Amino acid sequence: MLAMVVAKAKNNVIGKDNQLIWHLPKDLQYFKKLTTGHVIIMGRKTLESLPFLLPNREHWVVTRQADYKPPYEGVRVFHSPEEAVKVAEALEVAYCIGGAQMYESFMPYAETLYVTEIDKEFEGDAHFPTIDLNQFEVVESIAGEVDEKNPWPFSFVTYRRKE
Ligand SMILES: NC(=O)c1ccc[n+]([C@@H]2O[C@H](COP(=O)([O-])OP(=O)(O)OC[C@H]3O[C@@H](n4cnc5c(N)ncnc54)[C@H](OP(=O)(O)O)[C@@H]3O)[C@@H](O)[C@H]2O)c1
């Protein structure tokens, strides 16, 4: 089963200059809890923006480069979203973790979307696609707690593909 995990601003911005814009420790904890022990699938740019491999997760990368050598050992390389989806479908869950191009490509195959919705607009150059509410419904929404380290209102919203 394929799921996607994203943190997005009110205007769907998810990043700028190939980086995340905000620092929300509670969202990082949520991401870690969801994905630990599972496969995470990412675009080549997102892989290369990681300072190191995330512990206890199997990393898959998607690239068009036939001879791509990932910067870290142990990363499984795919050359199309469809190739990765085919393998992911046999797993209990695999999480597409971005970036923008990957979210766009994997959206048609995703069963569940774990979306941290930050209730503020940010300026950026990478966006999450608009979630089609004809196709997905909200099955859970939990308000995050604002504090000095997590300064903007945010919610953990789970969307599931309608039957
Ligand atoms: N807020 C969040 O939750 C979140 C999460 C992740 C990332 N981000 C942000 O998203 C931004 C990066 O997104 P991005 O869209 O620029 O990069 P990306 O999706 O991480 O990677 C794009 C690369 O993936 C490969 N690719 C894309 N479509 C493909 C296809 N159909 N077949 C084969 N390979 C394909 C290409 O690699 P090659 O060029 O090697 O062919 C492409 O250059 C950054 O700002 C990052 O901080 C935000």
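For the structure itself, consult the block above.
Nothing here was measured: the structure is a model prediction, and the numbers come from that model.

Procedures and definitions
- Residues numbered from 1 in each chain as written.
- Predicted model: local features only at pLDDT ≥ 70, side-chain atom pairs only at ≥ 80, totals over all residues.
- Heavy atoms only, no water.
- Near = heavy atom within 4 Å.
- Polar contact = N/O pair within 3.5 Å; in protein donor to acceptor, adjacent residues only side chain to side chain.
- Areas by Shrake-Rupley, 256 points an atom, 1.4 Å probe, with all protein chains shown as cover.
- 1 Å grid on protein atoms, 1.4 Å probe; cavity = no way out; pocket = protein on both sides within 12 Å on 5 of 7 lines; lining within 4 Å.
- Sits in = over half its atoms within 2 Å of the grid points.
- Helix = DSSP H or I, 4+ residues; strand = E, 2+ residues; numbered from the N terminus.
- Patch = residues over 30% accessible without salt bridge, like charges linked within 9 Å, V, L, I, M, F, W, Y side chains within 5 Å.
- Salt bridge = Lys/Arg side-chain N within 4 Å of Asp/Glu carboxyl O.
- Lys, Arg positive; Asp, Glu negative; His and termini not counted.
- Charge placed at Lys NZ, Arg CZ, Asp CG, Glu CD.
- Buried < 20%, exposed > 50% of the residue type's maximum accessible area, 1.4 Å probe, protein only.

## Let's talk about the site of the ligand
Here comes step 1: The immediate surroundings of the ligand are formed by 28 residues, with Arg44, Thr46, Thr63, Arg64 and Gln65 found nearest.
Here comes step 2: Between a nitrogen atom of the ligand and a main-chain N or O atom of alanine 7, the distance comes to 2.8 Å.
Here comes step 3: Between an oxygen atom of the ligand and a side-chain N or O atom of glutamine 65, the distance comes to 2.6 Å.
Here comes step 4: The fraction of the free accessible surface of the ligand (940 Å²) that becomes covered by protein chains is 87%.
Here comes step 5: According to the grid-proximity analysis, the pocket containing the ligand is the largest pocket.
Here comes step 6: Looking at the shell around the ligand, the elements that each hand over two or more residues are β1 (2-9), β2 (13-15), α2 (44-49) and α4 (100-106).
Here comes step 7: A per-element tally of the shell around the ligand places α4 first, with four residues.

## Re a negative patch on the surface
Here comes step 1: Negative charge collects at one region of the surface, where Glu89, Glu111, Glu137 and Glu163 lie side by side.
Here comes step 2: Along the polypeptide, glutamate 89 turns up in the loop between α3 (81-88) and β6 (94-96).

## Side note on the pattern of salt bridges
Pairing between side chains of opposite charge can happen when the charged atoms of each approach one another.
Here comes step 1: One pass over the full model with this rule turns up three salt bridges.
Here comes step 2: Between aspartate 147 and lysine 26 there is a salt bridge, with its nearest N and O atoms 3.1 Å apart. Here the residue aspartate 147 occupies a position in the loop between β9 (136-143) and β10 (154-161), and lysine 26 occupies one in helix α1 (residues 25-35), the gap between them amounting to 121 residues.
Here comes step 3: What makes aspartate 147 partly exposed here is its relative accessible area of 29%.
Here comes step 4: Arginine 44 is paired through a salt bridge with glutamate 48; the nearest N and O atoms lie 3.2 Å apart. On the criterion of helical spacing, the pair formed by arginine 44 and glutamate 48 is a turn pair, its members being four residues apart in helix α2.
Here comes step 5: On the basis of relative accessible area, arginine 44 is assigned to the partly exposed category, the value being 25%.

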